[in-house]
Amino acid sequence: MPRTTGLTRADATMLRLRNDILNGHVEPGSKLGFADLGERYQVSTGVLREVLPRLVEQGLATSESQLGYRVVSVSVEDLEQLTRARIAIETMVLRQATGVGDVSWESDVVAAHHALARTPRYVDGDLNQEWMTLHDRFHLVLLQGCGNPYLTDVAAKLRSIFDVYRCWSRAGEVSSPRDVEGEHRMIAEAAVARDADACDRLITAHIQLTTDLFISTRNEDATVGS
């Protein structure tokens, strides 16, 4: 359960619904009906009318006239396209950040990485909401050094959509020998060292490996069910 103390009703509901989507408790492509959500989260239609458009803005849901809201759909083809877009945007923006980011940016990168490294990824079998928030912040801080909020906004939305795919591969991520913490550490060190080429290589590998694990886990599930 994500922490909701001190948040508005809409903020708390947004946090819980986002957490449920990213952990696969609300499946990709499923309808987000006001009646069902109101009963599930014990909130009014008014609160949901505030929450659901925010999910659309983050790329986690879609909205169509007469059809209402749905969790964004997922597919291997879409994931591969999304991965190429993320790599193109994030390598470009991080290269700019290493060139123009100031000392304050370096300090922010170090602090964001420290907080992420000290937080467990999973709690009771689910992705830890606090870890997800700190993970998003770490990657956003890296890119903010470029000084262009339009670029960082595009990158943040692509990352938000990408996170939906975590519900495909939670078991695969838990059992994988992958050193996620080491990947983050090396990215942070390369950024602070202003090594743009290393940043390109590390960010590309980091994103691509995540995608490869998602697809591998999906294929394994399909084979087991066939």
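Asks: What's the story with helix H6 (residues 129-144) in this structure? I'm lost.
Replies: At 3.6 residues per turn, the α-helix brings residues three or four places apart onto the same side. With 16 residues, H6 extends 22 Å between its outermost C-alpha atoms, agreeing within 8% with the 22 Å of an ideal straight helix rising 1.5 Å per residue. Along H6, the residues classified as buried are Gln129, Trp131, Met132, Leu134, His135, Asp136, Phe138, His139, Val141, Leu142 and Leu143. Two or three places before Glu130, at the opening of H6, Asn128 has a side-chain oxygen 3.1 Å from that residue's backbone nitrogen.

Asks: What exactly am I supposed to notice about unusual backbone geometry here?
Replies: For residues other than glycine, phi is negative in most cases, and the peptide bonds are mostly trans. At Gln42, a position not held by glycine, the phi torsion is positive, near 55 degrees. The topology assignment puts Gln42 in the loop between helix H2 (34-41) and helix H3 (45-57). Phi is positive for Arg194, close to 60 degrees, though the residue is something other than glycine. Here Arg194 shows up in the loop between helix H9 (180-192) and helix H10 (196-225).

Asks: What is the right way to look at helix H4 (residues 76-100) in this model?
Replies: Across its 25 residues, H4 extends 36 Å between first and last C-alpha, which sits within 8% of the 36 Å expected from 1.5 Å per residue. Listed in full, the buried residues belonging to H4 are Leu79, Leu82, Thr83, Arg86, Ile87, Ile89, Glu90, Thr91, Val93, Leu94, Ala97 and Thr98.

Asks: I tried to follow the nonpolar core on my own but got confused; where do I start?
Replies: As a rule of thumb, nonpolar side chains are buried together in soluble globular proteins. In this structure, Leu17, Leu32, Leu55 and Leu94 are the most contacted members of the largest nonpolar core, which totals 59 residues. Beyond its immediate chain neighbours, meaning those up to four positions away, Leu55 contacts Met14, Leu17, Ile21, Leu32, Leu60 and Ala61.

Here is what the cut-offs are and how they apply
- Residues numbered from 1 in each chain as written.
- Predicted model: local features only at pLDDT ≥ 70, side-chain atom pairs only at ≥ 80, totals over all residues.
- Heavy atoms only, no water.
- Helix = DSSP H or I, 4+ residues; strand = E, 2+ residues; numbered from the N terminus.
- Expected span 1.5 Å × (residues − 1).
- Buried < 20%, exposed > 50% of the residue type's maximum accessible area, 1.4 Å probe, protein only.
- Polar contact = N/O pair within 3.5 Å; in protein donor to acceptor, adjacent residues only side chain to side chain.
- Core = buried A, V, L, I, M, F, W, Y, C linked by side-chain atoms within 4.5 Å.
- Contact = heavy atoms within 4.5 Å.

Any link to function would need more than the numbers given here.
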